[in-house]
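Take a look at the letters that make up each chain.
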Amino acid sequence: MGCKNVMVYVETAESKPVNVGLEMLTAAKEVAEKVTAVVIGAADAAATAIAYGADDAITVDAAEYNTEAYAAIVVELVKKYAPEMLFVGATPNGKDLGARVAAKLKAGCVTDVIGMKEADGKIVLTAPLYGGTIYSDVTVEGTVVAIIRGGAFKKAEEPDTAKEGTITAETVEIADLRAKIVNSVQEISESVNLEEAEIIVAGGRGVGSAENYELVKELASLLGGVVGATRPVIEEGWVSRAHQVGQSGKIVAPKLYIACGISGAAQHISGITGSDYIVAINKDEDAPIFEISNIGIVGNCVDALKIMIEEVKKMQA
Amino acid sequence: MEILVCIKQVPDDSVNIKMNPATNAPDLDIATPIVNAFDTYALEMATRLKEAIGDSTITVVSVGPDKAKDAIKTCLAVGASKGYVVKADATDTISTADALAKAVAKIEEAEGVKFDIIFCGKESTDCASGQVGTMLAEDLDVPVVTNLVDIEKIDAGISAKQETEEGYNIIEVAMPCVVTVTKPEYEPRYPTIKSKMAARKIPIGELEIGDVVAPAVTVVANAEPPKKAAGVKINEETLEESMAMALGMMRDAKVL
Amino acid sequence: MSAYGKVTPEIVEKFKEIAPGRVYVGEEINDDFTHDEMSIYGKAMPEAVVDAMTTEEVAAVVKICYENTIPVTARGAGTGLVGAAVPIAGGVVIGTTKMNKILEYDLNNFVVKIQPGVLLNDLAEDCVSRGLMYPPDPGEKFAAVGGNVATNAGGMRACKYGATRDYVRAMTVVLSNGDIAHFGSTVSKTSSGYSLVNLMIGSEGTLGIITELTLKVIPAPKEVISLVMPFEDLDSCISTVPLFKKNNLDPQALEFMERAIVEKSEKYVGKAVYPKNIDGVEAGAYLLVTFDGRDMDELEEIMEQASEIALENGAIDVIVADTPPKIKDVWAARSSFLEAIKAETNWKDGLELLDECDVVVPLDKIAPYVEYVYAVGKKMGLQVESFGHAGDGNLHIYVIGDDQISVEDFKAKADAFFDDIYPEATRVGGLVSGEHAIGSGKLKYLAEAEGERNMELMLGIKKVFDPKMILNPGKVCYKL
């Protein structure tokens, strides 16, 4: 074991652990003798964390997520329990939280960790650089804050609900917050769970229009999958940004990823390489997406979508 | 108001960086050095804020080599009126944040001002760690708001529109503070010939800040990602044939 | 046409011996081979397609065609705009897309030897990775370089560096009887008789089939900068163009564009970077100028001078694109004009209701000519879009059919439109095509502009090279 004690901050959404929260437990088990999960403001999630691999768990009661408040809590816990490493999931809030905790602890912090190994008694973390075109191996002096990318590790396939572990409730006093959220607006009402999707049908600029994008949605819905999109598609406004896949969107790892009219910029590819099976349709024979696809179909993606929709309908009939 | 914008010079992110086998390091020579895209958004947002409230000065600072002056020069043509480059042995985020915090103090001393707002891009396109702005705020012991898409001056300080996964938050914070900026709805402006000529005349300051905290993160190796073996490319006479073949293969692979 | 022989099954067998696995007949032929990017000039199915890989294969196929008087049409990537690669007399199409190797660089003489099917984009990128530049820069980057040579393609950088012709040093050609000939040499000057190499350039496969090229390359310029100059109207915009050269400034590229098409294209690209209203003044037209130089200091000086000239001549402002992403963005709008137009074009009966011309006129005639063209379009009730290479007077004028018009009606109206504007181009001292060539689509207009005697000279040359008239019949000067 590379280290004795890893603390994992398991982020929750609607009181349930988010995927990356559980995935990190797998990674933590591999490098540490003891894995402690931390859940804040969602005590029920502690049992889930233990079932997914944590040895024990700490719960802290708190109001809704606020980086300042949650970071203060985590910092207190790190000070008290002195783990060698702290894992945080690389969600937007997790990235904020990890950086804030690292800053307070003056700890070395690595974002978007996609791999972990031991070498010469040290833990080596791997993180992408330059839009995912280079993978960099780093070591960290002192306490490590590792912000771990979703999809990089697999969560336990079957939670072990019989597994026992101590759940400790802690209280942390929060000082007055300096940045106040005065209004929180939910513009995107649909719930888009790209990280947990088994099938993703994604479109790029090549789809051509919002109208054609309906075909992407139709195929996704037929297959029981989730709709993905590249950044230009979001900027065009064909779908909401909840659907964005890639470096600046969601990192995904479905069983099947169908890429329609996506040429394959490094920033997009870096978000989908965890996919088990990639099917790409593009009219440009030299599109980089083909280099990472199991099947590459050269052709007009709109026509291809129509054919695929018909075929799937026939299969399901 | 006194505004500081922290920028980083990065390789053009539209170029795919590869390893240089000769040096066993990423070959950055193939990409032109430019200002990090998120920093250009930060500068644009700062400039729009300045235009909205008037009577403000925007200073730009970068921790980097001499060549980072080129990056500062571009900023001086699109809204900033002063620029500094900071030389420091900063190779990770905590040392960079420390260097910036020390630079802030130096600039404030030299110019006889206090910065009200410090803008940073939410992350750089090369390392994408997204840590420096937050760490800088911590070092300066001021509040921070991340992922801004808009900003407004209010009596109590500033009102920031923060992008969230489902929408946005409106966050109020007192000054001084640090904000980090993501892609707003607008594009950064282009320099005009006049602004560019004027920028040429502005001297760029060099700051000596002494030692910074030792970096905690050390790079031990770089490599290109393992290539996912490309599968088959199907290009039959008609798309119908191609699709039939592809669907067959997908069925065989049991992904459908 | 009846004089031509047919591709018999026996001949197909012979082809298959020459190019095993790369001969296609009947149903096996992809529909792509029946047209180029301008389907409006008609589609035609070849009797056989041979994907050649070597000069010898091309020679062997052509020899059989010669013996049997079968038409032979060479085809690169099929990105042409005048129907030149469409086999309107039937016969055999020889595809060169598999002849796509960059063979060798000779950096003592600054030349590169390539096969004709190399795509322009691949050649350009390969040059850049070696610190070199292949200056010709036609808009369609996925065209085959062989096709570029066969049409003497121009492009954005023609303003400073000239067209494809200026970069072809030597070539290997298969003649109509199947003989293999070498024209030209790597040397940079020649005073050695008729220039056979130059006859081949722009001959659109009617004099021979190019199977290898030796092209001139240059060291890549170190720094590049682009300026966007908004003007209130097209007149002041265009009248600025000659002033750059007069003041000893040599732009790499100099494009003019009107506001309407810029807005259309920006919408297509999804990014608006051209200023529309500058301090209360509405922009009506733009110049997009690119300069290259040894270093930034030199460039900044040029930029300053160029801006001064423009501002004195009525430019509302000058916007500078000084980083690769900004240069890419300002050019993305320009490069996407054709795609933006095509995105709006209607299709009927498998044909795209789009026709175009690429006349070239003297610089001082650009503005009045464009005005004339719009007036004619308006009179005929046609949607007309235009933009062009201001630096060399080359205009691209498109007519677009709406969803109401029938194919027949559209063709008739477009013909009437071109029947009016081509003679006007000639009248002001221009030529029929600046860079897209003649093919079958522009043959009539070339004949009208050149007159009988010139056309006879061309046909005479054709007969010397191709006595049986089998090489790409129905194109350039030989009407079927």
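Residues numbered from 1 in each chain as written. Chains lettered and ligands numbered in written order. Predicted model: local features only at pLDDT ≥ 70, side-chain atom pairs only at ≥ 80, totals over all residues. Heavy atoms only, no water.

Looking at an unreviewed UniProt entry, one finds chain B named Electron transfer flavoprotein small subunit, with Frisingicoccus caecimuris as its source organism.

By the naming in an unreviewed UniProt entry, chain A is Electron transfer flavoprotein alpha subunit apoprotein, taken from Frisingicoccus caecimuris.

K.L.:
Describe in detail the domain arrangement of chain A, supporting the description with residues and values.
P.N.:
Accessible area lost upon the coming together of the parts is a frequently used measure of interface size. Residue and element names in this part refer to chain A. What the domain assignment reports for chain A is domain 1 (3-170) and domain 2 (191-316). Domain 1 and domain 2 are separated by 30 Å when their C-alpha centres are compared. The interface is formed by 10 residues belonging to domain 1 together with 10 residues belonging to domain 2. Of all residues in domain 1, Asn19, Gly131 and Arg149 give up the largest surface area on contact with domain 2, accounting jointly for 52% of the area buried on that side. At the surface where domain 1 touches domain 2, the tally comes to 0 salt bridges. Applying the counting criterion to the domain 1 and domain 2 interface returns 2 residue pairs in polar contact (both at pLDDT 80 or more). Of the residues contributing to the side of domain 1 that touches domain 2, the split by class is 1 nonpolar, 6 polar and 3 charged. (Domains from an automatic or database assignment. Contact = heavy atoms within 4.5 Å. Buried area = accessible area lost by both parts, 1.4 Å probe. Salt bridge = Lys/Arg side-chain N within 4 Å of Asp/Glu carboxyl O. Polar contact = N/O pair within 3.5 Å; in protein donor to acceptor, adjacent residues only side chain to side chain. Nonpolar A, V, L, I, M, F, W, Y, C, P; charged D, E, K, R; others polar.)

K.L.:
Outline the pairing of strand E17 (residues 278-282) of chain A, supporting the account with residue identities and numerical values.
P.N.:
Residues and elements named next belong to chain A. Burial within E17 is extensive, with 5 of its 5 residues counted as buried. Alternating positions in E17 separate into two faces, Ile278, Ala280 and Asn282 on one and Val279 and Ile281 on the other, with burial throughout. Judged from the 4 bridges that link them, strand E16 (residues 256-260) and E17 form a sheet pairing that is parallel. From the neighbouring strand, alanine 259 faces E17, where its bridge partner is alanine 280. Relative to strand E18 (residues 295-298), E17 runs parallel, the two sharing 4 bridges. From the neighbouring strand, asparagine 282 faces E18, where its bridge partner is valine 298. (Buried < 20%, exposed > 50% of the residue type's maximum accessible area, 1.4 Å probe, protein only. Helix = DSSP H or I, 4+ residues; strand = E, 2+ residues; numbered from the N terminus. Pairing = 2+ DSSP bridges.)

K.L.:
Mind laying out the sheet that holds strand E20 (residues 354-357) of chain C, listing which residues take part and the relevant values?
P.N.:
All names here are of chain C. Pairing is antiparallel across the open sheet formed by 7 strands, whose spatial order is E17-E12-E16-E13-E21-E22-E20. Across the chains shown, the open sheet's two edge strands, defined by having one partner strand only, are strand E17 (319-321) and E20. Between one strand and the next, the sheet's axes are offset by a mean angle of 20°, whatever the strand orientation. Of the strand pairs in this sheet, strand E21 (residues 383-389) and strand E22 (residues 394-400) are connected by 7 bridges, and their pairing is antiparallel. Bridge assignment links histidine 389 to a residue of E22, and that residue is asparagine 394. On top of the sheet, helix H8 (residues 259-269) reaches strand E13 (253-258), strand E16 (285-293) and E21; it is set at about 95° to E13, its chief contact. (Axes fitted to C-alpha atoms, helices over the stretch in contact; angles between N-to-C directions.)

K.L.:
Summarise the UniProt feature "domain: Electron transfer flavoprotein alpha/beta-subunit N-terminal" (unreviewed entry) in chain A; cite the residues concerned and give the values.
P.N.:
Those residues carrying the UniProt feature "domain: Electron transfer flavoprotein alpha/beta-subunit N-terminal" (unreviewed entry) are residues 6-181 of chain A in this numbering. Here residues 6-181 of chain A runs as 28% helix and 37% strand, with 32 Å between its end C-alpha atoms. (UniProt positions renumbered as here; feature names shortened; annotations may be inferred.)

K.L.:
Lay out the sheet that holds strand E15 (residues 232-234) of chain B in plain terms, naming residues and giving numbers.
P.N.:
Hydrogen bonding along the main chain pairs the strands of a sheet, whether they run parallel or antiparallel. Pairing is parallel across the open sheet formed by 6 strands, whose spatial order is E15(A)-E14(A)-E16(A)-E17(A)-E18(A)-E15(B). Here the strands that pair on one side only, and so sit at the sheet edges, are strand E15 (226-229) of chain A together with E15 of chain B. Pairwise comparison of adjacent strand axes, ignoring direction, gives a mean angle of 20° for this sheet. Pairing of strand E14 (residues 199-203) of chain A with E16(A), which is carried by 5 bridges, proceeds in the parallel orientation. In the strand pairing of E16(A), Gly203(A) is matched with Cys260(A).

K.L.:
Run through the packing of helix H5 (residues 210-222) of chain A against helix H8 (residues 301-316) of chain A, naming residues and quoting values.
P.N.:
Between two packed helices, both the angle of their axes relative to each other and the distance between the axes serve to describe the pair. All names here are of chain A. Direction vectors running N to C along H5 and H8 enclose 25°, while the axes themselves pass 10 Å from each other. Classed by the angle they form, the pair H5 and H8 counts as roughly parallel. Classified by chirality, the crossing of H8 by H5 is left-handed. Contact with H5, carried on its side by Asn212, Leu215, Val216, Glu218, Leu219 and Leu222, involves Val302, Leu305, Lys306, Met308, Ile309, Val312, Lys313 and Gln316 of H8 and no other residues of that element. Looking at the contact of H5 with H8, its residues break down into 9 nonpolar, 2 polar and 3 charged. (Parallel < 35°, antiparallel > 145°, perpendicular 65-115°, else oblique. Left-handed = near helix turned anticlockwise from the far one by under 90°.)

K.L.:
Could you give an account of the nonpolar core, with specific residues and numbers?
P.N.:
In terms of nonpolar packing, the biggest core is built from 94 residues, with Met229(C), Phe256(C), Tyr274(C), Leu287(C), Ile397(C) and Phe417(C) touching the most fellow members. Among the elements that line this core, the one with the most residues is helix H13 (residues 407-427) of chain C, at 8 residues. Excluding residues that lie within four positions of it along the chain, Leu287(C) makes contacts with Leu227(C), Val228(C), Met229(C), Phe231(C), Cys237(C), Thr240(C), Val241(C), Phe244(C), Leu254(C), Glu255(C), Phe256(C) and Ala390(C). Counting 68 residues, the second-largest nonpolar core is a separate cluster that includes Val35(A), Ala49(A), Leu86(A) and Met116(A). (Core = buried A, V, L, I, M, F, W, Y, C linked by side-chain atoms within 4.5 Å.)

K.L.:
Provide a residue-level description of the packing of H8(C) against helix H11 (residues 337-344) of chain C, including the pertinent values.
P.N.:
Residues and elements named next belong to chain C. Running from N to C, H8 and H11 cross one another at 80°; their axes reach a closest spacing of 9 Å. Judged by the angle between their axes, H8 and H11 are roughly perpendicular. Residues Ile261, Val262, Lys264, Ser265 and Tyr268 of H8 form the contact with H11, whose own contacting residues are Phe337, Glu339, Ala340, Ile341, Ala343 and Glu344. Partitioning the contact of H8 with H11 into residue classes produces 7 nonpolar, 1 polar and 3 charged.

K.L.:
Describe the UniProt feature "domain: Electron transfer flavoprotein alpha/beta-subunit N-terminal" (unreviewed entry) in chain B, and please don't skip the residues or the numbers.
P.N.:
Mapped onto this numbering, the UniProt entry gives "domain: Electron transfer flavoprotein alpha/beta-subunit N-terminal" (unreviewed entry) at residues 23-216 of chain B. The distance separating the terminal C-alpha atoms of residues 23-216 of chain B is 24 Å; by composition the span is 32% helix and 29% strand.

K.L.:
Go over the packing of aromatic side chains, please, and point to the residues and values.
P.N.:
Applying the stated criterion across every chain yields a total of 11 aromatic pairs over all chains. A ring pair is formed by Tyr65(A) and Tyr70(A), whose centres lie 5.0 Å apart and whose planes are at 70°; its orientation type is edge-to-face. For Tyr70(A), a relative accessible area of 6% puts it in the buried group. Here the aromatic rings of Phe38(B) and Tyr41(B) are separated by 5.7 Å at their centres, their planes lie at 90°, and the arrangement is edge-to-face. (Phe/Tyr/Trp six-rings, centres within 6.5 Å; stacked < 30°, edge-to-face > 60°.)

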